[in-house]
Number of protein chains: 2
Amino acid sequence: MTSAESEIALKNANKQLVAECYERYFRDGDVDAVAQLIHEDFVQHSPDAPSGRDAYVDHLKHAAFLGGSSAVKRIIADGDYVAVHHNMTLPGDTGAGLAVVDLWRVADGKLVEHWDVEQPVPEPSRVPNGMF
Amino acid sequence: MTSAESEIALKNANKQLVAECYERYFRDGDVDAVAQLIHEDFVQHSPDAPSGRDAYVDHLKHAAFLGGSSAVKRIIADGDYVAVHHNMTLPGDTGAGLAVVDLWRVADGKLVEHWDVEQPVPEPSRVPNGMF
């Protein structure tokens, strides 16, 4: 494999890993499966959420968004980094939910670092083409 | 060039294009230079901002963030898409500013579509490792 082919293979593997995490968590509610995909040395940059695999898994088991939905709109991957643009809706929320971009760094085939930005999806009149 | 090499060359060119836009806009305040890098058929998904190159350029000339600063933390590019994670501070804001992810789609070597998510950077005690 050439270095260019290796780079693309890595990117695609990382994309697949991250997509699987969202499916396991939001579609299946299977936090134990997600736990297998989180690196022991996990570093957190999201407000009010912990670093460390075990603490983060515990957080995920009690998070406000567990049991909610996530519609993944696009995944952008480059080197060790993966960006996920998705529309997250909390359980019981009948509104338009949140626009979220999660950024993940992958190491050793697992999620090792996380950043995010989120905002409520505004009323449609403010975004004629939609937030996504 | 192999297809893998072409894909990586495209990604790097798109990354460079987007980085240049942020430098021209935030560092140089040169909206006319940015205008040259926006596609005529520009489509907007950011709240309260217009589609169309000319309307968007006019918006950029009067935007609240013109004259502010943007510290780009990372750029992630994949195919036609580029994600920019940055810390934007409005003119006169002495606080921690906003955490922003802008997503851009590139066509014909220009920015043709834009989505974003932003939130205020919370107080440090809520993010021990920082938002970035």
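Residues numbered from 1 in each chain as written. Chains lettered and ligands numbered in written order. Predicted model: local features only at pLDDT ≥ 70, side-chain atom pairs only at ≥ 80, totals over all residues. Heavy atoms only, no water.

Asker: Give a detailed account of the relation of the copies chain B and chain A, specifying residues and quantitative values.
Answerer: In the superposition of chain B on chain A (RMSD 0.0 Å, axial shift 0.0 Å), the rotation amounts to 180°. When the rotation and shift are considered jointly, the pair of chain copies conforms to a two-fold rotation axis. (Least-squares fit on C-alpha atoms with pLDDT ≥ 70 in both.)

Asker: I'd like a rundown of the confidence of the model for chain A, residues and numbers included.
Answerer: When pLDDT is averaged along chain A, the result is 97, and 100% of the positions lie at 70 or above. Predicted complex, confidence summary: ipTM 0.97, pTM 0.97. (pLDDT = per-residue confidence, 0-100.)

Asker: Residues and numbers for the side chain of H86 of chain A, please.
Answerer: Residue and element names in this part refer to chain A. With respect to the helices and strands, H86 occurs in strand 3 (residues 81-89). Taking the relative accessible area as the measure of exposure, H86 reaches 1% and is therefore buried. A distance of 2.8 Å separates a polar atom in the side chain of H86 from a polar atom in the side chain of S70. Contact partners of H86, with chain neighbours within four places excluded, come to Y22, S70, A71, V72, K73, L98, A99, V100, D102 and F132. (Helix = DSSP H or I, 4+ residues; strand = E, 2+ residues; numbered from the N terminus. Buried < 20%, exposed > 50% of the residue type's maximum accessible area, 1.4 Å probe, protein only. Polar contact = N/O pair within 3.5 Å; in protein donor to acceptor, adjacent residues only side chain to side chain. Contact = heavy atoms within 4.5 Å.)

Asker: Any chance you could break down the pattern of salt bridges for me, citing the residues and the numbers?
Answerer: Scanning the model with the defined rule gives 22 salt bridges over all chains in all. The closest approach of N and O atoms between K61 of chain A and D32 of chain A, which form a salt bridge, is 3.4 Å. Pair noted here: K61 of chain A is in helix 3 (residues 53-62) and D32 of chain A is in helix 2 (residues 31-35), with a separation of 29 residues, a long-range link. Between R27 of chain B and D28 of chain B there is a salt bridge, and its shortest N-O distance comes to 2.9 Å. Residue classification places D28 of chain B among the partly exposed residues on the basis of a relative accessible area of 38%. (Salt bridge = Lys/Arg side-chain N within 4 Å of Asp/Glu carboxyl O.)

Asker: Can you break down the environment of Y22 of chain A residue by residue, with the values?
Answerer: All names here are of chain A. Its place among the elements puts Y22 in helix 1 (residues 3-27). Given the relative accessible area of 8%, Y22 is considered buried. Sequence-wise, Y22 and H59 are 37 residues apart; in three dimensions their C-alpha atoms are separated by 15 Å. Those residues in contact with Y22 that lie beyond four places of it in its chain are R27, S70, V72, V84, H86, D102 and W104.

Asker: How would you explain the packing of aromatic side chains if you had to name every residue and give the values?
Answerer: Given two aromatic rings, one states the distance between the centres and the angle between the planes to describe the pair. A full pass over the atoms with the stated rule returns 14 aromatic pairs over all chains. With a centroid separation of 6.2 Å and an interplanar angle of 25°, the aromatic rings of Y22 of chain A and F26 of chain A are classed as stacked. Taken together, the residues Y22 of chain A and F26 of chain A, both in helix 1 and four residues apart, mark about one turn of the helix. For F26 of chain A, a relative accessible area of 15% translates into the label buried. Ring centres 6.0 Å apart and planes at 35° place the aromatic pair Y81 of chain B and W115 of chain B in the tilted group. With a gap of 34 residues between them, Y81 of chain B in strand 3 (residues 81-89) and W115 of chain B in strand 5 (residues 110-120) connect regions that are remote in the sequence. (Phe/Tyr/Trp six-rings, centres within 6.5 Å; stacked < 30°, edge-to-face > 60°.)

Asker: Just give me the short version of the environment of G79 of chain A, but keep the residues and values in it.
Answerer: Mapped onto the secondary structure, G79 of chain A falls in the loop between strand 2 (69-78) and strand 3. Each C-alpha atom, one on G79 of chain A and one on L10 of chain A, is 7.0 Å from the other, the two residues being 69 residues apart in sequence.

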